[in-house]
Amino acid sequence: MNPIILRNATVLDPRAGELIPDRSVVIRNGRIEEVADAKAHAGDATVIDLRGRVLMPGLIDSHVHATQASSDFAELRSWSPYYAAARVSRLLREMLLRGFTTVRDMGGADHGVARAVEEGLFEGPRVLYGGPIIAPTGGHGLTEICDGETELRRAIRRQMALGAHHVKLTVSGGVISSMRIDALGFSEAEIRAAVDEAALAHRYVAGHAYTAEAVNRALRWGVRTIEHGNLIDGSSIELFRQHEAFYVPTLASFFALAREDAPHALSAESLAKLHHVRDAGIQALALADRAGIRIGYGTDLHGPLHAHQSMEFQLRSQVQKPADILRSATVTGAEIAGLVGSVGEIVPGAHADLLVVDGNPLEDIGLLADPERSLLLIMKGGGFVKNTL
Ligand code: ZN
Ligand code: ZN
C-alpha cells in the first residue's frame, strides 16, 4: 500500500493538551511512521492537505457493550446468533463513525467479535473484550454466576483461555437489577482470588460499583478499574491514588435512560435509583477531576441508546475542561487498555487511528458530541472510514 501523508496538520497532543501547528503525518502499512515538519515528502505517497485543521487521535470508549444491540434482554436472548451478529456489526460501524477507533467491552463481546473486526468482516473499532460479567448469586447483570473462590478461578481461567483482556466483576448492586444499589457483591476472599487469578494471566479485574463502600473494598483488594462509581467520596479518592487505579464514569447511560423517550420499562424502584445516581455522578466526576486521579471515558449504553455515545463529552464539560475530557478519551483509555504508544496519541509506531476535526476541540468539546458534522475525516489503521476533504 502506498504511504499516505496528511500535510499541514495542526496535531493535537492529548498528554499536554496542546496543539502543534504545521505538522505532516506520514502513514505506512496502517501505522504512523513519522510526525515531521510540514514539508515531509515521499514520491509515491497519497497526499492530503489538511489546511491547518486539527488532527487528533481516534477516540477510546472504555465502557461499552457492543453486543447489546437491544435494550430488551429477553429479546436479545431470543435472537438467532446470525441475526445478533448482523446487529452487532451495525452497532460497531456506528461507533466508528462517531470517531471511536478503540472500545473496551465490559460484558458481552467475545473473541468472535474482535476477530470479525480484525479480519475486516465487521467495520468497527478495535474491540478489547472480557468474557461474560461475573456476579454472585442474586447479583446484578446479564452474567455468569459464580460463588466461592473455586468457581471464580474456574470462570476466569476459562475466559483467559479465550483471550480475554480483562475480567469484570459486579461488586455492588446496580440500577437495572433488583439488587439494592448499596448491597455489596463478593467477599474479600472472592475478590482477592479473582484479582490473583487475573494477575496470573497478566490481566486485571474491572469492578462494577456505585457506593464509596463498594468502590473502596474493591480498590483495597486490587481491582484496577472502577466502572460507574457514581457515589464515591474523598475516602475513595485516596485509595484510587494509593493503588494507581482508574475511574471510569459512565454518565451518558444514566442521562440517556432518564430521557422521557428512552425505550425501556424500568420499575419505579429502578427509576428512583437512576435519578439518584445520575445527579450524584456529575458531582463524583467533579471530585475525581479536582483530585487529579486518572479518569477514563465510558458510556455503558444499550440498544438504541447507543446513539448517545458522544453525549458523554457534553455531560462531562459541566465539570471538566476540554483538555481533560480529551485525555480521558485518548491516552488514559490507552493506559487502561495497556496500549500506550499503540493507540490514543499521534506518535511514530502507533496505529494510524486519526480524526480530522472541523474546529478546535480544546476550545469547544461540543464538536466531538456532534461527530456527523464535525468529523471531516475518520481513519482506522490507515484505512479511510470517512473522508469529506
Ligand atoms: Zn455496570
Ligand atoms: Zn456496563
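You'll find the structure just up there.
Scope of this entry: the structure provided in the associated data block. By convention here, each chain's residues receive numbers from 1 onward along its written sequence. Chains carry letters and ligands carry numbers; both start at the beginning, A for chains and 1 for ligands, and go up in the order they are written. With pLDDT at 70 or above as the cut-off, local features in this predicted model cover only qualifying residues; side-chain atom pairs require 80 or more to be listed or tallied, and sums for whole chains, interfaces and linings still use all residues. Water and hydrogen atoms play no part in the side-chain values, which are based on all heavy atoms of the structure.

Let us look at the coordination of the zinc ion (ligand 2). Counted as donors are N, O and S atoms no farther than 2.8 Å from the metal, or 3.2 Å for Na, K and Ca; water is not among the atoms, and sites may therefore look incomplete. Of the protein atoms, only His63 (NE2), His65 (NE2) and Asp300 (OD) coordinate the zinc ion (ligand 2), at distances of 2.0 to 2.1 Å. In the primary structure, the donors to the zinc ion (ligand 2) are separated according to the pattern H-x1-H-x234-D. Between the zinc ion (ligand 2) and the zinc ion (ligand 1) the interatomic distance comes to 3.8 Å. Partly exposed residues are those whose accessible area sits between 20% and 50% of the maximum for their type, while under 20% is buried and over 50% is exposed, using a 1.4 Å probe and protein chains only. On the accessibility criterion, His65 (3% relative accessible area) is buried.

Right, let's get into the packing of aromatic side chains. Pairing of aromatic rings covers Phe, Tyr and the six-membered ring of Trp, with a centre-to-centre limit of 6.5 Å; geometry is then stacked below 30 degrees between planes, edge-to-face above 60, and tilted otherwise. Summed over the entire model, instances satisfying the criterion amount to six aromatic pairs. Seen from their ring centres, Trp79 and Tyr83 are 5.1 Å apart, and the 90 degrees between their planes marks the pair as edge-to-face. Of the residues examined, Tyr83 reaches a relative accessible area of 40% and is grouped as partly exposed. Relative to Tyr247, the ring of Phe240 lies with its centre 5.5 Å away and its plane at 55 degrees, an arrangement referred to as tilted. Neither residue differs from the other here; Phe240 and Tyr247 are each classed as buried. By way of ring pairs, the aromatic residues Phe100, Tyr297 and Phe313 are connected into one cluster. Positioned above the aromatic ring of Phe255 is the side chain of Arg278, whose terminal nitrogen or guanidinium carbon lies 5.5 Å from the ring centre. Remark: a charge is flagged as sitting over a ring if the NZ atom of Lys or the CZ atom of Arg is within 6 Å of the ring centre and within 35 degrees of the ring normal.

Our focus in this paragraph is the nonpolar core. Core analysis: the largest hydrophobic core is formed by 53 residues, its most contacted members being Ile134, Val167, Leu169, Val205, Phe240 and Tyr247. Here a strand is any run of E in DSSP of at least two residues, a helix any run of H or I of at least four, and the numbering for each starts at the N terminus. The greatest single-element share of this core, amounting to seven residues, is contributed by helix H9 (residues 268-291). The contact criterion used is simple: two residues touch if any of their non-hydrogen atoms lie within 4.5 Å. Setting aside chain neighbours within four positions, we find Leu169 in contact with Ile134, Leu152, Phe186, Ala194, Val205, Ala206, Gly207 and His208. To form a nonpolar core, buried Ala, Val, Leu, Ile, Met, Phe, Trp, Tyr and Cys residues must be joined to one another through side-chain atoms within 4.5 Å. Of all hydrophobic cores here, the second largest spans 35 residues; its members include Phe100, Val103, Ala323 and Ile365.

A separate point is the packing of helix H4 (residues 148-161) against helix H5 (residues 188-200). Each axis is a line fitted through C-alpha atoms, and for a helix only the stretch in contact is used; angles between axes span 0 to 180 degrees, taken between their N-to-C directions. Between H4 and H5, the shortest axis-to-axis distance is 9 Å and the interhelical angle comes to 25 degrees. As judged from the angle between their axes, H4 and H5 are roughly parallel. Classified by chirality, the crossing of H5 by H4 is right-handed. Contacts between H4 and H5 pair Gly148, Glu149, Leu152, Arg153, Ile156 and Arg157 from the former with Ala189, Glu190, Ala193, Ala194, Asp196, Glu197, Ala198 and Leu200 from the latter. Roughly parallel refers to an angle under 35 degrees, roughly antiparallel to one over 145, roughly perpendicular to one between 65 and 115, and oblique to any angle outside these ranges. Less than a right angle of anticlockwise turn of the near helix away from the far helix marks a crossing as left-handed, whereas a clockwise turn marks it as right-handed.

Secondary-structure assignment places Ile176 in the loop between strand E11 (167-170) and H5. Using a relative accessible area of 38% as the deciding quantity, one classes Ile176 as partly exposed. Sequence separation of Ile176 and Met160 is 16 residues, and the distance between their C-alpha atoms is 28 Å.

To continue, consider the sheet that holds strand E8 (residues 126-128). By definition, the strands of a sheet pair up through backbone hydrogen bonds, in either a parallel or an antiparallel sense. Each pair of strands is called paired provided DSSP finds at least two bridges between the two strands. Here three strands make up an open sheet; going across it, the order is E6-E7-E8 and the pairing parallel. The strands lining the two open edges of the sheet, one partner per strand, are strand E6 (59-64) and E8. This sheet shows a mean twist of 20 degrees between the axes of neighbouring strands, independent of strand direction. Of the strand pairs in this sheet, strand E7 (residues 100-105) and E8 are connected by three bridges, and their pairing is parallel. For Thr102, the partnering residue across the bridge sits in E8 and is Arg126. Against the sheet, helix H2 (residues 81-97) contacts E6, E7 and E8, and its axis sits at roughly 130 degrees relative to E7.

Looking now at the environment of Ala286. Along the chain, Ala286 turns up in helix H9. On a C-alpha basis, the gap between Ala286 and Arg316 in space is 8.7 Å, while along the polypeptide they are 30 residues apart.

Phi at Asn8 takes a positive value of approximately 60 degrees, unusual for a residue other than glycine. Checked against the element boundaries, Asn8 lands in strand E1 (residues 4-13).

With that settled, the discussion passes to the packing of helix H8 (residues 251-258) against H9. Here H8 crosses H9 at 145 degrees, and the two axes come no closer than 9 Å. The two elements H8 and H9 cross, and the hand of that crossing is left-handed. The residues of H9 that touch H8, namely those facing Leu251, Phe254, Phe255, Leu257 and Ala258, are Leu274, His275, Val277, Arg278, Gly281, Ile282 and Leu285. Under the scheme applied, nonpolar residues are Ala, Val, Leu, Ile, Met, Phe, Trp, Tyr, Cys and Pro; charged residues are Asp, Glu, Lys and Arg; polar residues are all the others, including Gly. Its residues assigned to classes, the contact of H8 with H9 shows nine nonpolar, two polar and one charged.

Time to look at the side chain of Arg316. Note that Arg316 resides in helix H10 (residues 311-316). Given the relative accessible area of 0%, Arg316 is considered buried. Of note is the side chain of Arg316, whose polar atom sits 2.9 Å from the backbone oxygen of Gly296. Residues adjacent in sequence count toward polar contacts only when both atoms are side-chain atoms; beyond that, a polar contact is any pair of N or O atoms within 3.5 Å, and within protein one must be able to donate a hydrogen and the other to accept it. Engagement of the side chain of Arg316 in a polar contact is seen with the side chain of Glu312, the distance being 2.7 Å. Excluding its chain neighbours within four sequence positions, the residues that come into contact with Arg316 are Pro249, Leu251, Leu285, Ile295, Gly296, Tyr297, Gly298, Ile325 and Ser328.

To continue, consider the side chain of His65. Relative to the assigned elements, His65 resides in the loop between E6 and helix H1 (73-78). Within polar-contact distance, the side chain of His65 engages the side chain of Asp300 at 2.8 Å. Setting aside chain neighbours within four positions, we find His65 in contact with Asp105, Met106, Gly107, Ile133, Lys168, Asp300, Leu301, His302 and His306.

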